Amino acid sequence: MSLPTSFFDTNSRVTFVLRCATEFGQRVRVIGNDARLGGWDPRRGVELTTSAGAWPSWRVSVDLPAGRKVEYKYVVQQGTPNVLPGDEDLVAVSPDGPGMASGPIGTDNAGSVSEDTMDSIMKWEQFEDNRTLTTRSGQMIVNDGEFGKWNDTDEGRVKCFLTPDEGFGDSIESLVIVLYRLPIIAKRDATTGTWSFKWDDDALYLTSTGLRKGLEQLKVAPLWVGILNSDDEVPRQEREGVADRLLEEFNCVPVFIPHDTLKHFYQGFCKGTLWPLFHMVSSATDHTEHTTRFDDRLWRVYMNVNRMFRDKVVEVYDGDRTLIWVHDYHLMLLPQALRSRLSGVKIGFFLHIPWPSSEVYRVLPWRNELLKGMLSATLLGFHLFDYARHFLSACVRLLNLEHEANRGSLGLEYDGRHVMLRVSHIGVDPERFSEGLSAPTLTDRVAEFKERFANCTVLGAVDDLDLIKGIALKLMGFQRYLDSAPKMRGRVVLVQVAIPKAARVKKSVRNEIRELVAAINNKHGDGSGRRPVWYLEESISFESRLALYSIMDALVVTPIRDGLNLIPYEYIVSTSEGKGQLVLSEFTGCSRALSSAERVNPWDLEKLCSVLDRVVQKAIAAAPEVELKRRADKAYVSAHSSQQWAQSFLHDLKEASEPAQVVVKVGPLAGLPGVLTYDEFTLLNRSAVLSAYKAAKRRLFLFDYDGTLTSITDQSSQMAHAWARPSEAVAANLDTLSKDPLNDVYIMSGRKTEVLEAGLNNSPTIGIAAEHGFFYRKKNSKEWNKLLEDADLSWMELALRIMLMYTDRTDGSYVEQKKAGLVWHYLDADREFGSWQAKEMRDHLESLLSPFSVQVVTGYGWLQVRMAAMNKGVMVETILRDMPEPPDFVLCCGDDRTDEDMFAYLDTHLDPSVKQFTCTVGVKPSHARYYLHSSNEVGALLETLVTGSYPRGVRPRMARGASISLADLVPDDEGSSSTPSLPQRTNGPRTSASGQKRRGLASSLPSQ
């Protein structure tokens, strides 16, 4: 469904929408001055389409040149009826528009056909002026209203949006990327004094290769600005020659800074002040136990280095159409410095480390200066919403600014400008690892590792030797695991690589790790040279990293605070089949993106110990789910590469504008619902259900699937939606109920047909309504029917593009594509940010898709676009109509907003004599009459109905009301044996004490 990147450089995809009630057999065409609209020749005009479900709305999509003024009109073409209305999807079956006379269409619209003949078969719109449209690159929807009524001045007639994969074409003449160190390795021969240079593939946090490839795909050759990565300082007399070579061979511009200055800048201020503060590991006292002080001299060095970078960027800046992309905390003042010299330039800034909470950040003496420096950028990038939220909080508290949200993007108004915020986690370059794994030299290295760790489950990790990486906590957890599992001695090994960084290695941290390693090996080693911990305190080559990844059964990464950690991404794309388990600290940036990971709090050693045991057992048992999860994570990592990250960020930067924009304010309390009450909302009484069930002669069961028959957890929503199935007991009880000739059992779900069939063990006696009834299968039938035969699904391409744009900006979210609908899942995203994005997406979709007969609905962790005439309520109506006789017992259970259509329909359409039990899962406002607490209680209810008694030798004891739940079950020897009676209820809409009708879930929630 996607178009080539280059398409939208020169074209516009225009969707014309018109309401025209023509007569049977007539067709509608759009005719205009562009050749693709027929060049005013009615016979070559573009025919619009409709269907029985969409009529009298007609539409067609046409590719037109971008940047042109198009004039056009619609005509109704007379024809000979040859089909009945509704027989075909794409024929003109609509009825009669006003009679038309030819208007001032401009050129030669008669052709070789006589004017009288043309007038007899074509009816033109009769207003004097032509309709007009100025096309622009991207996609446009033009809602022209009624046939024959000119509406060019109507607000909202034309809606435009750009595709998220739009290329740059000729709109960018140049790009300047500014980072502390150039992605170049420079070495000087001590004997000859000659310099050698090569690309540093591990620069910019291991993403240099992928970033360069992404820019190549965009056909953008960036100019790189930064210091030279060399241990040798470039002599003054050699600087010009070195600069010329770097510019000619690598398109790099070096910033020459004395090494003494760099030492104060990098190790002094960047690593000594900003790094610990931003990772929230700074202390109130220093190593001498004196109060921590901030050094003004280091701050002045930091300012001076940023000015030196500014001067170099200004020197190479070559025009208004140049974008500037600044990277990381070393250059936080640079955007403001550039703004003072280059008015109107678009500057992007991406922070690759965490942003601390405002309470921690505010202790910095130069806190406002750094904030203002960053706010001078056009677009700010953060890895996680947590970091963006902390940044916004600092802006609110320290600069009294208000943050905003618009079309999926956060933003601030600062100094008369609109500053956008973007949340997106950087990725790796999968191709680099694929090529490395196929290198012939890797085989020997892998064989060496396999021989060394033969017959062992290998846990591994590659970390910097730094306090924040939590290596000591990892070792403590592993030690506790070995203490609790003595039988695993000699069968499991932890390979820990600790890469020392000169600016961050503390002697106390190094000594603690070495002592822990020695203690574990002394206690749990077998004396034959096999030790449980292999500790390598050294840099490791790319090849050795790949070899280690390929033999590791699981990666264990336990930082106590981490902004960017791509090691899990590297491991996922490098590990071999059957391996690939992940144990990730919940404080690392990618833990939510990789949904199969076991997330742990590294400070919770007991939990870490149990997780390690579970991972080892799965590795030993070769659990099939390990490979399934590895494939899912590998697909995610491959799709979210560093190339895609760079292209997406630059797309947003290109489209951003410098003038302030009017956006929708989203405060921290905006949109929260009021106090919700539960009048006449009762816990389901299972004994009453059982009593009514036994007395009934015809029974109907309607069950939602996810969250009702299956359990959906808060974590790993993508995995849960992919593989969640009812338990064996629930599936067996459903099958038993469905085989009773007095019962009709239907599963009502938004899932696809194949997922539901597999989840229900292909039981032929269970009726299924998939995709909210778009497809349904009756009891004892293998044939799938459609609820809407003439459905117009042309809106799906537009909606998918919008959803993918928001997915790209919301880590942990994904789009589920169905045959008749789309669902955006964000349960694994940051909750607050995901909710914000869902609200913005809903407004965006409803505005864009207003010409179509679709509905946007939301639920817990998801947003769905579906046909307006297709919901579970309509499906219930179909089921009741097809039943041989009306039921006298109905049990309907569901857990989310889509189930409210079922509850509302049953509440208003069933005869009052029917024993009706509509039940929502979870305590919340609903059209349902009853509730159960969880899917486990739904399973217990099914077992009660099948067995005729309460499960596990227990029976209900009455709580304070007239209801029971699973929590109220007590042993048989307690209490009396009397059965509680069903509270008296009436059918029809319930009313509150004030006499007002009680509102259900859909109406109780705030409008979005």
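Going by the structure above, here's the rest.
Calculation notes
- Residues numbered from 1 in each chain as written.
- Predicted model: local features only at pLDDT ≥ 70, side-chain atom pairs only at ≥ 80, totals over all residues.
- Heavy atoms only, no water.
- Pairing = 2+ DSSP bridges.
- Helix = DSSP H or I, 4+ residues; strand = E, 2+ residues; numbered from the N terminus.
- Core = buried A, V, L, I, M, F, W, Y, C linked by side-chain atoms within 4.5 Å.
- Buried < 20%, exposed > 50% of the residue type's maximum accessible area, 1.4 Å probe, protein only.
- Contact = heavy atoms within 4.5 Å.
- Phe/Tyr/Trp six-rings, centres within 6.5 Å; stacked < 30°, edge-to-face > 60°.
- Lys NZ or Arg CZ within 6 Å of the ring centre and 35° of its normal.
- Polar contact = N/O pair within 3.5 Å; in protein donor to acceptor, adjacent residues only side chain to side chain.
- Salt bridge = Lys/Arg side-chain N within 4 Å of Asp/Glu carboxyl O.
- Axes fitted to C-alpha atoms, helices over the stretch in contact; angles between N-to-C directions.
- Parallel < 35°, antiparallel > 145°, perpendicular 65-115°, else oblique.
- Left-handed = near helix turned anticlockwise from the far one by under 90°.

### Describing the pairing of strand S5 (residues 69-77)
Judged from the 6 bridges that link them, strand S2 (residues 27-32) and S5 form a sheet pairing that is antiparallel. Residue pairing across strands places Arg27 opposite Gln77, the latter belonging to S5.

### Quick notes on the nonpolar core
Counting residues in each nonpolar core, the largest one holds 85 residues, and the members touching the most others are Leu702, Phe703, Leu734 and Leu845. Take this core: its biggest share by element is 9 residues, from helix H25 (residues 795-808). Here Leu734 is in contact with Phe703, Leu709, Val745, Ile747, Leu760, Ile766 and Leu942, once residues within four sequence places are set aside. Residues Phe265, Val301, Tyr302 and Leu421 belong to the second largest nonpolar core, which totals 75 residues.

### Section: the packing of aromatic side chains
Applying the stated rule across the entire model yields 39 aromatic pairs. Between Tyr693 and Phe889, the ring centres sit 5.9 Å apart and the planes meet at 75°, which makes this aromatic pair edge-to-face. One end of the pair, Tyr693, is in helix H21 (residues 686-695); the other, Phe889, is in strand S37 (residues 889-894), and 196 residues separate them in sequence. Residues Tyr693 and Phe889 agree in their burial class; the two are buried. Following the ring pairs from residue to residue traces out a cluster consisting of Tyr180, Phe265, Tyr266, Phe269, Phe294, Trp299, Tyr302 and Trp366. Cation over ring: Arg212 sits above Trp199, and NZ or CZ is 4.4 Å from the ring centre. Residue placement shows Arg432 over the ring face of Phe542; its charged tip is 3.9 Å from the ring centre.

### Structural notes on the side chain of Thr558
Along the chain, Thr558 falls in the loop between strand S23 (554-557) and helix H17 (567-574). At a separation of 3.0 Å, a polar atom in the side chain of Thr558 contacts the main-chain carbonyl oxygen of Gly470. Those residues in contact with Thr558 that sit more than four places away from it in its chain are Lys469, Gly470, Lys474, Ser585, Pro602 and Leu608.

### Observations regarding the pattern of salt bridges
Going through the model one piece at a time under the given rule, you end up with 50 salt bridges. Across the salt bridge formed by Asp483 and Lys523, the nearest N and O atoms sit 3.1 Å from each other. With Asp483 in helix H14 (residues 471-484) and Lys523 in helix H15 (residues 507-524), this pair connects stretches of sequence that are 40 residues apart. On the basis of relative accessibility, which here comes to 37%, the residue Asp483 falls in the partly exposed class. A residue is classified by how much of its surface remains accessible, and Lys523, at 48% relative accessible area, is partly exposed.

### Observations concerning the environment of Arg686
Mapped onto the secondary structure, Arg686 falls in helix H21. Overall, Arg686 belongs to the buried group, its relative accessible area being 2%. Here the alpha-carbon distance between Arg686 and Leu945, two residues 259 residues apart in the chain, equals 8.8 Å.

### Some details on the sheet that holds S23
Spatial strand order, S22-S21-S20-S23-S24-S25: 6 strands in an open sheet with parallel pairing. Bordering the open sheet on either side are strand S22 (533-536) and strand S25 (598-600), each of which pairs with just one other strand. Across the sheet, the axes of successive neighbouring strands diverge by a mean angle of 20°, strand direction being ignored. Note: strand S21 (residues 492-499) against S22, 4 bridges, orientation parallel. Residue pairing for S22: Val495 is matched across the bridge by Trp534. Packing against the sheet, helix H18 (residues 605-621) makes contact with strand S20 (457-464), S21, S23, strand S24 (581-585) and S25, and its axis sits at approximately 165° to S25.

### Re the pairing of strand S12 (residues 223-229)
If a strand is regular, its side chains alternate between the two faces of the sheet. Counting buried residues in S12 gives 6 out of 7 residues, a clear majority hidden from the surface. Across 5 bridges, the pairing between strand S10 (residues 174-188) and S12 is parallel. Counterpart to Ile177 in the pairing with S12 is Trp224. Here S12 runs beside strand S13 (residues 252-254); their pairing, made up of 3 bridges, is parallel.

### Regarding the packing of helix H13 (residues 442-452) against helix H16 (residues 542-551)
Where H13 contacts H16, the two axes come as close as 9 Å, and the packing angle between them is 50°. In terms of orientation, H13 and H16 fall into the oblique class. When the axes of H13 and H16 are compared, the crossing they make is right-handed. Residues Leu442, Arg445, Val446, Phe449 and Lys450 of H13 pack against Glu543, Ser544, Leu546, Ala547, Leu548, Ser550 and Ile551 of H16.

### Side note on the sheet that holds strand S30 (residues 767-770)
For sheets, the rule is that strands pair by backbone hydrogen bonds, running either parallel or antiparallel. Taken together, the 9 strands give an open sheet; going across it, the order is S27-S39-S38-S37-S28-S29-S30-S31-S32, and neighbouring strands pair in mixed fashion. Strand pairing shows two members of the sheet lacking a second neighbour, strand S27 (682-683) and strand S32 (785-786), which therefore form its edges. Where strand S31 (residues 775-777) meets S32, 2 bridges bridge the pair, whose relative direction is antiparallel. What sits directly across from Phe775, in S32, is Lys786. Against the sheet, H21 contacts strand S28 (699-704), strand S29 (743-748), S37 and strand S38 (915-921), and its axis sits at roughly 140° relative to S38. Strand contacts of helix H23 (residues 728-739): S28 and S29, with the helix running at about 140° to S29, the strand carrying the most contacts.

### Quick look at the environment of Leu804
Note that Leu804 resides in helix H25. Judged by relative accessible area, Leu804 falls into the partly exposed class, the value being 41%. A sequence separation of 10 residues divides Leu804 from Tyr814, and the C-alpha atoms of the two residues are 8.0 Å apart.

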